[in-house]
Amino acid sequence: MAHVTPNRTEVHRSRRRGEVLERALYEATVGRTLASWIRQADDGRIAARAHTGKAALYRRWASKHDLVHAALVFALPPVPSRARAGRPGMPC
């Protein structure tokens, strides 16, 4: 009996290392976590936790994605610019 091998598509991926790999892992973690949270987030619960009504959310943001983005910008420190860091005469 002849041995038949399945048709496989070879995928060649270069191996990421160091900062590139770490960044990819962070982005995947944050992306997955936020996607999951956004699906489960309920406008009513968010409003109740803020001691307000849902209308306050709807007046300010067009979607939950916009609200989450604004909340992250508010909560997280700004990312330092690598281009300016360490240049003489430029504030860091």
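As for the overall build of the chain
Stage number 1. When helices and strands are tallied, the chain shows 4 helices and 0 strands.
Stage number 2. Each helix and strand of the chain, placed in order from N terminus to C terminus, yields the pattern α-α-α-α.
Stage number 3. A buried classification covers 9% of the 92 residues belonging to the chain.
Stage number 4. Considering only contacts within the chain whose residues lie at least 6 apart along the sequence, 27% involve residues at least 24 apart.

Looking at the confidence of the model for the chain
Stage number 1. Within the chain, residue pLDDT values average 80, and 75% of them lie at 70 or more.
Stage number 2. Mean pLDDT in the chain bottoms out at helix α1 (residues 18-40), which sits at 87, and peaks at helix α3 (residues 54-60), which reaches 94.

A closer look at unusual backbone geometry
Stage number 1. Within the chain, histidine 51 stands out as a residue other than glycine whose phi angle is a positive 60°.
Stage number 2. Within the secondary structure layout, histidine 51 lies in the loop between α2 (43-49) and α3.
Stage number 3. On the basis of relative accessibility, which here comes to 75%, the residue histidine 51 falls in the exposed class.

Comments concerning helix α4 (residues 64-75)
Stage number 1. Compared with the 16 Å implied by 1.5 Å per residue over 12 residues, the 16 Å span of α4 between its first and last C-alpha is a close match.
Stage number 2. The opening residue of α4, the one whose side-chain oxygen lies 3.3 Å from the backbone nitrogen of histidine 65, is serine 63.

Notes on the side chain of aspartate 43
Stage number 1. Structurally, aspartate 43 can be placed in helix α2.
Stage number 2. It turns out aspartate 43 is buried and unbridged, and the closest side chain with the opposite charge, lysine 64, is 4.8 Å from it.
Stage number 3. Not counting the four nearest positions on each side in its chain, aspartate 43 is found in contact with Lys54, Leu57, Tyr58 and Lys64.

Observations regarding the packing of α1 against α4
Stage number 1. Two numbers describe how α1 lies on α4: the axes approach to 10 Å, and their chain directions differ by 125°. Our classification of the angle between α1 and α4 gives oblique. Between α1 and α4 the crossing geometry is right-handed. Contacts from Leu34, Trp37, Ile38 and Arg39 of α1 reach α4 at Lys64, His65, Val68 and Leu72.

Each value, and the rule that gives it
- Residues numbered from 1 in each chain as written.
- Predicted model: local features only at pLDDT ≥ 70, side-chain atom pairs only at ≥ 80, totals over all residues.
- Heavy atoms only, no water.
- Helix = DSSP H or I, 4+ residues; strand = E, 2+ residues; numbered from the N terminus.
- Buried < 20%, exposed > 50% of the residue type's maximum accessible area, 1.4 Å probe, protein only.
- Contact = heavy atoms within 4.5 Å.
- pLDDT = per-residue confidence, 0-100.
- Expected span 1.5 Å × (residues − 1).
- Polar contact = N/O pair within 3.5 Å; in protein donor to acceptor, adjacent residues only side chain to side chain.
- Lys, Arg positive; Asp, Glu negative; His and termini not counted.
- Salt bridge = Lys/Arg side-chain N within 4 Å of Asp/Glu carboxyl O.
- Axes fitted to C-alpha atoms, helices over the stretch in contact; angles between N-to-C directions.
- Parallel < 35°, antiparallel > 145°, perpendicular 65-115°, else oblique.
- Left-handed = near helix turned anticlockwise from the far one by under 90°.

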